[in-house]
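Residue strings, one per chain:
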Amino acid sequence: MTPQDFLDLAVNRTLSFTSVGSENLVGVEQFLRHDLSVWADETGRCTYGRIELRGPHLCFLYEDAPDPNNCWIPFMDDGTLLVMSQGSREVQRISDISDKPVICEGAPVS
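Scope of this entry: the structure provided in the associated data block. (Residues numbered from 1 in each chain as written. Predicted model: local features only at pLDDT ≥ 70, side-chain atom pairs only at ≥ 80, totals over all residues. Heavy atoms only, no water.)

A few points about the pattern of salt bridges
Alright, step 1. Under the counting rule described, the total for this entry stands at 6 salt bridges.
Alright, step 2. Two residues, aspartate 35 and arginine 33, come together in a salt bridge whose shortest N-O distance is 2.8 Å.
Alright, step 3. You can call aspartate 35 partly exposed: its relative accessible area is 37%.
Alright, step 4. The closest approach of N and O atoms between arginine 45 and aspartate 64, which form a salt bridge, is 2.4 Å. Here the residue arginine 45 occupies a position in the loop between β3 (36-41) and β4 (46-54), and aspartate 64 occupies one in the loop between β5 (57-62) and β6 (71-77), the gap between them amounting to 19 residues.
Alright, step 5. Residues joined by salt bridges that share partners form a network here, namely Asp41, Arg45 and Asp64. (Salt bridge = Lys/Arg side-chain N within 4 Å of Asp/Glu carboxyl O. Buried < 20%, exposed > 50% of the residue type's maximum accessible area, 1.4 Å probe, protein only. Helix = DSSP H or I, 4+ residues; strand = E, 2+ residues; numbered from the N terminus.)

As structure tokens, then:
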């Protein structure tokens, strides 16, 4: 799956990310546009993220942690949508895709 295909699926939706192995919820991300998202971690704390496409990677520059190397490779495995961190090789499964907005504890960091 290309990063553009991933974004085409994700824009105007909210995706839930679960750690492969532990099955713990990592967080949820509402894709507002192809270049902007709002991420809520497992505590409900939110931050906006700027999305960049870099070759096979989707890179997220969050306002509270602008790490230029926060990049992920989307892929399908046996019908399951997954993302793998470019750096740590951590794999997360997209456990839910909905039209519900992200619920934040307070306003997103801006």
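Some words on the nonpolar core
Alright, step 1. With 16 residues, the main nonpolar core has Phe6, Leu15, Phe17, Phe31, Phe60 and Ile94 as its most contacted residues.
Alright, step 2. Not counting residues up to four positions away in its chain, the partners in contact with isoleucine 94 are Phe6, Leu15, Ser16, Phe17, Leu81, Leu82 and Val83.
Alright, step 3. Grouped together as the second largest cluster of nonpolar side chains are 5 residues, Val28, Ala40, Cys46 and Val102 included. (Core = buried A, V, L, I, M, F, W, Y, C linked by side-chain atoms within 4.5 Å. Contact = heavy atoms within 4.5 Å.)

Quick notes on the sheet that holds β5
Alright, step 1. Around the barrel, which closes on itself, the 8 strands sit in the order β1-β2-β3-β4-β5-β6-β7-β8 with antiparallel pairing between neighbours. Neighbour to neighbour, the strand axes of the sheet diverge by 35 degrees on average, direction disregarded.
Alright, step 2. In this sheet, strand β8 (residues 91-98) lies alongside strand β7 (residues 80-85) in antiparallel orientation, the contact comprising 3 bridges. Residue pairing in the sheet places methionine 84 in a bridge with valine 91 of β8. (Pairing = 2+ DSSP bridges. Axes fitted to C-alpha atoms, helices over the stretch in contact; angles between N-to-C directions.)

Structural notes on helix α1 (residues 3-10)
Alright, step 1. For α1, the complete set of buried residues consists of Pro3, Phe6, Leu7 and Ala10. Along the long axis of α1, the arc covered by the buried residues comes to 95 degrees, so they all point the same way.
Alright, step 2. Trailing α1 by a residue or two, asparagine 12 shows a phi angle of about 70 degrees, which is positive. (Arc of directions from axis to C-beta.)

Observations concerning the state of the cysteines
Alright, step 1. Counting across every chain of the model gives 2 disulfides.
Alright, step 2. Here cysteine 46 is linked by a disulfide to cysteine 104, with a sulfur-sulfur distance of 2.0 Å. Because the sign of the S-S torsion sets the handedness, a value of about -95 degrees for the bond joining cysteine 46 and cysteine 104 places this disulfide among the left-handed ones. You can see cysteine 46 sitting in strand β4 and its partner cysteine 104 sitting in the segment after β8, a full 58 residues away along the chain.
Alright, step 3. According to the relative accessible area criterion, cysteine 46 is buried, its value standing at 1%.
Alright, step 4. Sequential numbering of the bridged cysteines in the chain gives the disulfide pattern 1-4, 2-3. (Disulfide = S-S within 2.5 Å.)

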